[in-house]
Structure formats: C-alpha cells, structure tokens
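Single-letter residue listing:
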Amino acid sequence: MTKRIVVLGGGTAGTMVANKLARQLSAPIGNKEVEVTLVSNAEKHIYQPGYLYIAFNEKMPEHFVRKEKELVHRNVNLVFDDVVRIDSEANKLVSDKASYPYDYLVVATGSYPDFDSIPGLKEAAHDFYTLEGAIKLRDALASFEGGTILLTVDVPHKCPAAPLEITLMMEDYFARRGIRDRVKIVYTYPINRIHSLEPIARWAEPAFEKRNIIAETFFNLEKIDPERKVAITMDGEEHAFDLLISVPAHKGAPVILNSGIGDETGFIPTDRYTLKMEGSDNIYVIGDATNLPISKAGSTAHYQSETLVPNLISRINGISETAHYNGKVACFLENSLHDASMITFDYTHPPQPATTSELLHWFKGVYNEIYWLNVRGIM
Ligand SMILES: Cc1cc2nc3c(=O)[nH]c(=O)nc-3n(C[C@H](O)[C@H](O)[C@H](O)COP(=O)(O)OP(=O)(O)OC[C@H]3O[C@@H](n4cnc5c(N)ncnc54)[C@H](O)[C@@H]3O)c2cc1C
C-alpha cells in the first residue's frame, strides 16, 4: 500500500522538506510506494528576510516573491487549500472542501505577528514583518524628514535579530540621506538588555553608543494612542513618536489552535531532538510552528530538515530513525546597509558574532539569491 507523507504549509520549511523528500524518494514515488503531498494556502512564496531590503528601497518587492508551484518538484503533489483542522486521531487534514489522509504528517504552518495583541497597534504602527507593511514602511521612511522613530518589540517573534538589524540599517539610511541629525532613533526591548541572546546584545551595544541610537530596556507596551502618537508602557510611561515601527508578539497558525494540538499561543509542543509532536509518533513539526525555545528562522528550518528528512526516509524504509536535531541556527546580522556580522549556534554552543565586515554583508546578499535553490531542496 502507498505510504502517504503529507506536508502542511508551503513556506520555507514545508517547501524545503517536500522538495527534499521528492528528490530523495524519487524511486519509491515513481513505483507508487510513496506519495508526497504538500498542502498550502498560499500560491505566492515570499522570501521574508527580503522585507528588510524593501523597507530601504534596496530591492523591489517582486524580487522576493515566486509562484509556489514553480518552486515545487514535479514528484510532489501540490494542493492549494486552507486546512481548518488536523485530526490527529483519524490521521487526516480537514478543509472546507476536502480531507487529506496521511501516514506521516509534517506540520510547517509557521507563525504570524499578532497586530491585535496590543490596543492601537494596528492603527498606528508600521511594520516590516509583512510584505504590505514593508512597502508602506519604505514609503514612510522615504518621506520622513525628521523627528522620533520609536521601534517596539514583543516576544516571541521570528528572526530575533531583525529588529536590531532594521535599527542599525535605518541609522545608516538616514546618514546617507544627510538628515541623521534630525532623526532620533529609539529602539526598545522588553527585558534588561537589547537582545535576548547576551552575545548579540553585547555585539550591538557599542554600535548603538557610537551611532547615537537610544536604547530603552524593560519596555513592555500596554497600548498605543494613535491620535496623540504616544506609546504607553505597562509601567504607565508615555513615549511620543512621529513614526512607530512595531514587531508584535507572534502566534502559531490558527489551524493549530483549532486542532487542539498547540499551547495557548498556537505553538506545538515538540521534541527538541526528534522534532516529533509530543505524544505522537507520526506527526513531525518544523520551522516556526514548534514551541522550541530557539530562534524562529529560515536557517532553523533548514537545519531541522536535515534531521527530519532522513528520519522520514528511514521510516519509509523500515529502519530506525537515527538523526537528531542539535539546535543549530545560523544568521547574518546586518550592521548597516553595507556591512554585517554572522552567528551560528546550537543547543550547547552560544552565538559568537563574527567580526563585522563588508564581505559578510555581501554574503548575505548572495544568500538572498541562492535561497531559491535552497528551498527547492537543491542545496
Ligand atoms: C523581516 C524578517 C527577516 C527575517 N530574516 C531572516 C534571516 O535573516 N534568516 C533566517 O533564517 N530567517 C529570517 N526570517 C525568518 C524566516 O522567514 C522564517 O523563520 C521562516 O519563513 C519560517 O519558515 P516556516 O516554513 O516555518 O514558516 P513560513 O515560511 O511562514 O510558512 C508557513 C506556511 O504555512 C502556510 N499555512 C499556514 N496555515 C495554513 C493552513 N491552515 N493551511 C494551509 N497552509 C497554511 C502559510 O501560508 C505559509 O505558506 C526573517 C523573517 C522576517 C519577517
């Protein structure tokens, strides 16, 4: 009987996993022993790190968008559908128009910024975590001639480095436009330092100091007053802004909550080594959808796929699963519009930012292009 692998979610993680399975299982797929189905509700695939470059008009939005069907290997049965429930008892996905039975399920439904998490945020804040947000922010920054830019961050959110990166890039952007002295940049963070990972906080602090970027720590938003252009924190302080940029707390996809398999914010309890959903032997979780206390990043999904794909192939072949995810993450850290650092870390090795250089910024630009090979499962 055909073994059915279903991947739910056609973003970075799901597309990569489906393509790798399709390439590595081409013989059993050809013999109809295995079927790989990718179910996604998005026909467009967006490379989200591109939002940073859209905001500074470094690249046009379409540079970072492809049709999902053009990225998916011919051995994958690609279906566009909005799944409303994962029925883990009956081993099937359910949508309003169909159901998708599986023997093995890979959940790759990602995470999303919850702009409803803080009153007033939706009305007042710009963002660079959505395509529309990045385009609007580009236009707002281009017409900004001076005043206070306030950046607020809530956790958890994907790409933990992105708020620091946009702040440092923005400083360079206004310096290049010759109006840096007219722009007050205020970066805020909810804990006692400017990043949750101490080595990254230590890496950014000297740049903040040297480039006159103001940092406010223990900054926890309670609400925004859009009319008065004021952010109000939980301790009752008011912070005026001319332009507000916010990274709200993220949640897991609604289908996870609807299916009763997530925690209260929609992230799935996941074994940190096997990437199986806790309590399940045939549901795997990858990318932003897990509840693992590691960076929600495309690189995380990439390294997780190196565990998940061989383990699934072992199961198809009736062999024990031997690959373990070690928590590996790799990220470039933009320091400006022309230089960057880089970090790699895992469960046991903390990050140590590399010396900032123009070469690393160039490498990030190169990766932004080779992503399309990566997600096809070629690299
Ligand atoms: C500004 C910014 C900068 C970033 N920079 C970096 C970086 O430099 N390096 C890095 O590694 N990462 C970076 N990231 C993070 C990276 O983009 C994400 O971590 C990555 O996309 C997560 O992949 P994913 O597949 O888990 O989720 P996603 O890519 O978000 O994909 C989830 C998919 O699931 C689909 N889906 C959800 N629910 C359903 C449903 N009910 N039915 C069907 N389909 C569904 C969605 O449509 C989507 O296609 C950045 C992100 C942002 C926003």
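Definitions and limits used
Residues numbered from 1 in each chain as written. Predicted model: local features only at pLDDT ≥ 70, side-chain atom pairs only at ≥ 80, totals over all residues. Heavy atoms only, no water. Salt bridge = Lys/Arg side-chain N within 4 Å of Asp/Glu carboxyl O. Helix = DSSP H or I, 4+ residues; strand = E, 2+ residues; numbered from the N terminus. Near = heavy atom within 4 Å. Polar contact = N/O pair within 3.5 Å; in protein donor to acceptor, adjacent residues only side chain to side chain. Areas by Shrake-Rupley, 256 points an atom, 1.4 Å probe, with all protein chains shown as cover. Buried < 20%, exposed > 50% of the residue type's maximum accessible area, 1.4 Å probe, protein only. Pairing = 2+ DSSP bridges. Core = buried A, V, L, I, M, F, W, Y, C linked by side-chain atoms within 4.5 Å. Domains from an automatic or database assignment. Contact = heavy atoms within 4.5 Å. UniProt positions renumbered as here; feature names shortened; annotations may be inferred. Axes fitted to C-alpha atoms, helices over the stretch in contact; angles between N-to-C directions.

### Comments concerning the pattern of salt bridges
Reasoning step 1: Across all of its chains, the model carries 17 salt bridges by this definition.
Reasoning step 2: When the shortest N-O distance is used, the salt bridge between E165 and K364 registers 3.6 Å. Residue E165 is located in helix 7 (residues 162–176), and its partner K364 is located in helix 11 (residues 358–374); the two are separated by 199 residues in the primary sequence.
Reasoning step 3: When the shortest N-O distance is used, the salt bridge between E321 and R315 registers 3.9 Å.

### With respect to the site of the ligand
Reasoning step 1: Surrounding the ligand, one finds 30 residues, the nearest of these being A13, N41, V83, G298 and S299.
Reasoning step 2: Here an oxygen atom of the ligand sits 3.3 Å away from a polar atom, N or O, in the main chain of G11.
Reasoning step 3: Separating an oxygen atom of the ligand from a side-chain N or O atom of Q48 is a distance of 3.2 Å.
Reasoning step 4: Starting from 1000 Å² of accessible surface for the ligand in isolation, the protein chains cover 91%.
Reasoning step 5: Among the elements of the structure, helix 1 (12–24) and helix 10 (298–316) are those that each provide at least two residues to the shell around the ligand.

### Some remarks on the pairing of strand 17 (residues 243–247)
Reasoning step 1: Most of strand 17 sits inside the fold, with 5 of its 5 residues counted as buried.
Reasoning step 2: Where strand 11 (residues 147–153) meets strand 17, 5 bridges bridge the pair, whose relative direction is parallel. For L150, the partnering residue across the bridge sits in strand 17 and is L244.

### Let's talk about the environment of S280
Reasoning step 1: Mapped onto the elements of the fold, S280 is located in the loop between helix 9 (254–258) and strand 19 (283–285).
Reasoning step 2: Spatially, the C-alpha atom of S280 lies 9.5 Å from that of T270, the residues being 10 residues apart in sequence.
Reasoning step 3: Among the polar contacts made by the side chain of S280, one reaches the main-chain amide nitrogen of N282 at a distance of 3.2 Å.
Reasoning step 4: In terms of polar contacts, S280 uses its side chain to reach the backbone amide nitrogen of I283, at 3.1 Å.

### So, the nonpolar core
Across soluble globular proteins, nonpolar side chains show a tendency to be buried alongside one another.
Reasoning step 1: Counting 87 residues, the largest nonpolar core has I5, L21, F56, F128, L141, I149 and F174 as its most contacted members.
Reasoning step 2: Looking at this core, the element that brings in the most residues is helix 7, giving 8 residues.
Reasoning step 3: Residue assignment places this core across two domains, with domain 1 (3–110 + 253–329) and domain 2 (142–248) each supplying three or more.
Reasoning step 4: Non-local contacts of L141, meaning those with residues more than four positions away in its chain, are made with A55, F56, I149, M170, Y173, F174, R177 and L243.
Reasoning step 5: One finds V39, Y100, Y102 and I268 within the second-largest nonpolar core, a separate group that totals 20 residues.

### With respect to the UniProt feature "domain: FAD/NAD(P)-binding" (unreviewed entry) in the protein
Reasoning step 1: Summarizing the sequence annotation, UniProt attributes the feature "domain: FAD/NAD(P)-binding" (unreviewed entry) to residues 4–140 in the numbering used throughout.
Reasoning step 2: Along residues 4–140, the helical share is 30% and the strand share 31%, with 48 Å between the first and last C-alpha atoms.

### Some words on the sheet that holds strand 7 (residues 92–95)
In a beta sheet, neighbouring strands pair by backbone hydrogen bonds and run either parallel or antiparallel.
Reasoning step 1: Sheet architecture is open: 3 strands sit in the order 6-7-8, paired in antiparallel fashion. Edge positions in the open sheet fall to strand 6 (83–87) and strand 8 (99–101), since each of these has one partner strand only. On average, each strand axis in the sheet is tilted by 15° relative to the strand beside it, whichever way the strands run.
Reasoning step 2: Where strand 6 meets strand 7, 4 bridges bridge the pair, whose relative direction is antiparallel.

### Some details on the environment of Y173
Reasoning step 1: By the element assignment, Y173 lies in helix 7.
Reasoning step 2: With a relative accessible area of 10%, Y173 lands in the buried category.
Reasoning step 3: Taking the C-alpha atoms as reference, Y173 lies 7.1 Å from L337; in sequence the two are 164 residues apart.
Reasoning step 4: Apart from residues lying up to four places away in sequence, Y173 is in contact with F56, L141, A142 and L337.

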